[in-house]
Amino acid sequence: MDLQTTVAHTARVYDWYLGGRDNYEADRIAGERTIQVHPTVRIMARQNRDFMLRAVRYLAGQGIDQFLDIGTGIPTEPNLHQAAQEINPTARVLYVDNDPLVLTFARALMAGTPEGRTAYLHADLRQPDSILAAPELTETLDLSKPIAVSVVSILHFVEDSEDPYHAIAKIMDATTSGSYLVITHASGDFGPEMEEVERVYHEAGIRGQMRNRTEVTRFFDGMDWVEPGLTTPHGWRPPIEPPQSMDRKVQMYAGVARKV
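Just so you know, these numbers come straight off a predicted model, no measurement behind them.

Asker: In this structure, what is going on with the packing of aromatic side chains? I would like to understand it.
Answerer: For any pair of aromatic rings, the description rests on two quantities: the centre-to-centre distance and the angle between the ring planes. Overall, the coordinates contain seven aromatic pairs when judged by the stated rule. A ring pair is formed by F157 and Y201, whose centres lie 5.7 Å apart and whose planes are at 10°; its orientation type is stacked. On the criterion of sequence distance, the pair formed by F157 in the loop between β4 (148–152) and α9 (164–173) and Y201 in helix α10 (residues 193–203) is long-range, its members being 44 residues apart. Take F157 and Y201: they sit in the same class, and that class is buried. Between F220 and W225 the ring centres are 4.5 Å apart and the planes differ by 45°, which places this aromatic pair in the tilted class. Relative accessible area serves as the criterion here: at 3%, F220 is assigned to the buried category. With a relative accessible area of 34%, W225 lands in the partly exposed category. Ring pairing ties together the aromatic residues F51, Y58 and W236, which thus form one cluster. The ring of W236 is capped by R237, whose NZ or CZ atom sits 5.4 Å from the centre of that ring.

Asker: Teacher, can you tell me more about unusual backbone geometry here?
Answerer: Most peptide bonds adopt trans geometry, and most residues besides glycine take a negative phi value. The amide bond that connects E227 to the next residue, P228, takes the cis arrangement and shows omega of 15°. In this model, S153 sits at a positive phi of 55°, which is unusual for a non-glycine residue. Counting through the fold element by element, S153 comes out in the loop between β4 and α9. Given the relative accessible area of 15%, S153 is considered buried. Not every positive phi belongs to a glycine, and D163 is a case in point at roughly 55°. With respect to the helices and strands, D163 occurs in the loop between β4 and α9. A relative accessible area of 39% places D163 in the partly exposed class.

Asker: Could you clarify how one ought to interpret the layout of surface pockets in this entry?
Answerer: Over the atoms rolls a probe the size of a water molecule, and its path tells where empty space is left. Taken as a whole, the largest pocket holds about 480 Å³ of empty space. Looking at the lining of the largest pocket, the elements that each hand over two or more residues are α1 (10–17) and β2 (92–97). Roughly 200 Å³ of volume is contained in the second largest pocket. Here the lining of the second largest pocket takes five residues from α9, the largest share from any one element. Residues that form the lining of the second largest pocket fall into these classes: six nonpolar, one polar and four charged.

Parameters and conventions
Sequence order as written defines the numbering, with residues in each chain counted from 1. In view of the model being predicted, local features appear only for residues whose pLDDT reaches at least 70, and side-chain atom pairs are presented and counted only at 80 or more, with totals across whole chains, interfaces and linings using the full set of residues. Only hydrogens and water are removed before side-chain values are computed, so all heavy atoms of the structure are retained for them. Here a pair means two rings of Phe, Tyr or Trp (six-membered ring of Trp) with centres within 6.5 Å. Their orientation is stacked below 30 degrees between planes, edge-to-face above 60, and tilted elsewhere. Secondary structure follows DSSP: runs of H or I at least 4 residues long count as helices, runs of E at least 2 residues long count as strands, and numbering of each begins at the N terminus. Burial here depends on accessible area, computed with a 1.4 Å probe over protein chains only, as a share of the maximum for the residue type. Under 20% is buried, over 50% is exposed, and the range in between is partly exposed. Ring-over charges, as used throughout, are those where CZ of Arg or NZ of Lys falls within 6 Å of the ring centre and within 35 degrees of the ring normal. We place a 1 Å grid over just the protein atoms. Points where a 1.4 Å probe fits but has no way out form a cavity, open points with protein on both sides within 12 Å along at least 5 of 7 lines form a pocket, and any residue with an atom within 4 Å of a point lines it. Grid points are joined across faces, edges and corners, and a volume is the space filled by probe spheres set on the points. Nonpolar residues are Ala, Val, Leu, Ile, Met, Phe, Trp, Tyr, Cys and Pro. Charged residues are Asp, Glu, Lys and Arg, and all others, Gly as well, are polar.

The following block contains the structure:
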């Protein structure tokens with residue numbers, strides 16, 4: 001297994017932002033350079049993670065007991081399945097990532113409750129058929145029943161030339177009515193810092209593309225918003241009202257919507 005440790009990878013850079021240890025020098029260099037142009041990027045990573053956990057707990061509380069998490073990243077407790085199974089111990093989760101290093105942690109991702117089930121699939125969002133045709137999908141999730149598709153902090157690493165809109169639409173088309181889509185996406189709408197982050201990532205060999213509010217909204221076409229609609233990670237059903245200054249620190253959109 002070639003981990004390509006001399007080239008920065010999004011999952012490992014994100015792990016470094018969160019204070020993890022499963023990263024390499026190339027990842028740390030990219031992370032340090034990112035902090036130089038966006039000093040609050042670690043706050044952004046934490047708020048992004050907290051949003052994901054709140055969204056999962058909310059959906060589990062609404063009766064959703066199946067989750068497809070695409071772009072999982074390196075395990076950071078609590079993981080998605082722990083948040084879901086905390087509400088519903090029978091919840092099922094399929095994790096998907098294309099990083100070979102994440103694959104080495106699959107056992108940790110599959111340590112769920114005895115009543116529920118967790119599984120891992122090594123596949124790529126940019127190739128949705130590799131997810132939809134995988135036996136791990138049908139062995140873990142029942143697509144005839146509603147599921148939540150979580151695509152958190154990954155779409156800004158997929159450029160328009162790779163047709164992310166088609167990928168999301170195809171995956172959601174495979175789900176039934178009552179399913180949900182959960183997305184976070186970095187954006188330059190909040191200030192110039194994210195454009196500099198994009199430049200740093202490109203120089204480190206990490207592809208990606210910032211999108212504005214209209215472009216992020218397009219991923220949810222034809223779906224009904226869960227209140228408060230498309231907002232920021234810290235603005236989505238927070239336990240306490242965040243200060244307005246947080247928007248400049250967390251330059252990202254977040255939203256949850258239901259398939260009708």
